[in-house]
Amino acid sequence: MTKREYLEQISQREEDGAKVGKIASVYGEDLPEIVKKIVSNNEEPVFFDDGVRVLSLKEIIDAESDLHVEFAAKGMIPLADCGENDFIVYHLNDKIWSKFNITDEVIFKKKESLEEILK
């Protein structure tokens, strides 16, 4: 699946209040629509043709213990694994997207939208 196809597909799907609630209880209530759509429609990981993998709902919920990073305390929600310990994250406080290296805890490639970060 291409990134464009994925974004078009999830934009047309319904939100699942229960799933959104689970994410909100871990990371906070101020979630943008695109994050709500992603978590509502990802029981299983989604693989893009370039190797990027959108995390499943369970992986997002368990990210802190699995990846040993305090995402919630940092105000970030991990949503995709880009390989090489880099993840696409949404910053709740700044309302921006970036890549985040979980080993070095470095934030890079800050962008205003998910579409931009996926390019």
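Please refer to the structure higher up on the page.
Residues numbered from 1 in each chain as written. Predicted model: local features only at pLDDT ≥ 70, side-chain atom pairs only at ≥ 80, totals over all residues. Heavy atoms only, no water.

> How should the pattern of salt bridges be read in this particular structure?
A pair can form between side chains of opposite charge whenever their charged atoms are brought close. Under the defined criterion, the tally for this structure stands at nine salt bridges. A salt bridge links Lys-3 to Asp-50; its shortest N-O distance comes to 2.4 Å. You can see Lys-3 sitting in helix 1 (residues 3-11) and its partner Asp-50 sitting in the loop between strand 1 (46-47) and strand 2 (53-54), a full 47 residues away along the chain. Accessibility expressed as a relative area gives 17% for Lys-3, which makes it buried. (Salt bridge = Lys/Arg side-chain N within 4 Å of Asp/Glu carboxyl O. Helix = DSSP H or I, 4+ residues; strand = E, 2+ residues; numbered from the N terminus. Buried < 20%, exposed > 50% of the residue type's maximum accessible area, 1.4 Å probe, protein only.)

> It is not clear to me how empty space enclosed by the protein should be interpreted in this structure. Could you clarify?
Using a probe with the size of a water molecule, rolled over the atoms, empty space left in the structure can be pinpointed. Enumeration according to the criterion identifies one cavity of 30 Å³ or more in this entry. Computed from the structure, the largest cavity encloses a volume of approximately 70 Å³. Lining of the largest cavity is provided by Tyr-6, Ile-38, Phe-48, Val-54, Leu-79, Ala-80, Ile-88, Trp-97, Leu-114 and Leu-118. Listed by contribution, the elements that provide at least two residues to the lining of the largest cavity are strand 3 (76-83) and helix 7 (114-118). (1 Å grid on protein atoms, 1.4 Å probe; cavity = no way out; pocket = protein on both sides within 12 Å on 5 of 7 lines; lining within 4 Å. Points joined across faces, edges and corners; volume = space filled by probe spheres on them.)

> Explain the sheet that holds strand 4 (residues 86-91) here, please?
Hydrogen bonds along the backbone pair up the strands of a sheet, which may run parallel or antiparallel. Here we have six strands laid out as an open sheet, ordered 1-2-3-4-5-6, and antiparallel in their pairing. Strand pairing shows two members of the sheet lacking a second neighbour, strand 1 and strand 6 (106-111), which therefore form its edges. Bridge analysis of strand 3 against strand 4 gives six bridges, and the strand direction is antiparallel. Across the sheet, the residue bridging to Ala-80 is Ile-88, located in strand 4. (Pairing = 2+ DSSP bridges.)

> Explanation requested: the nonpolar core in the structure shown.
As a rule of thumb, soluble globular proteins bury nonpolar side chains together. The biggest cluster of nonpolar side chains holds 36 residues, and the ones touching the most others in it are Phe-71, Ile-77 and Leu-79. For this core, the elements supplying multiple residues, two or more each, are helix 1, helix 2 (17-27), helix 3 (33-40), helix 4 (57-61), strand 3, strand 4, strand 5 (96-101) and helix 7. Contacts of Leu-79, omitting those with residues within four sequence positions, involve Val-35, Ile-38, Val-39, Arg-53, Val-54, Leu-55, Ile-60, Ile-88, Tyr-90 and Trp-97. (Core = buried A, V, L, I, M, F, W, Y, C linked by side-chain atoms within 4.5 Å. Contact = heavy atoms within 4.5 Å.)

> Would you mind going over the pairing of strand 3 with me for this structure?
In the case of a regular strand, side chains alternate between the two sheet surfaces. Across the eight residues of strand 3, six count as buried, placing the element largely inside the fold. Note: strand 2 against strand 3, two bridges, orientation antiparallel. Bridging from a neighbouring strand, Arg-53 pairs with Asp-81 of strand 3. Where strand 3 folds back onto strand 4 in an antiparallel hairpin, the turn is made up of two residues, including Glu-84, whose phi is positive at roughly 55°.

> What is the right way to look at the pairing of strand 4 in this model?
Across the six residues of strand 4, six count as buried, placing the element largely inside the fold. What you see with strand 4 is no split at all: Asp-86, Ile-88 and Tyr-90 on one side and Phe-87, Val-89 and His-91 on the other are buried throughout. The pairing of strand 4 with strand 5 spans six bridges and is classified as antiparallel. Counterpart to His-91 in the pairing with strand 5 is Ile-96. Taking the residues between adjacent antiparallel strands as the criterion, strand 4 and strand 5 are bridged by four residues, where Lys-95 takes a positive phi near 55°.

> Help me understand the side chain of His-91 in this model?
Along the chain, the position of His-91 falls in strand 4. The exposure class of His-91 is buried, given its relative accessible area of 6%. In this structure, His-91 is in contact with Gly-75, Met-76, Ile-96, Trp-97, Ser-98 and Ile-107, ignoring residues within four places of it in sequence.

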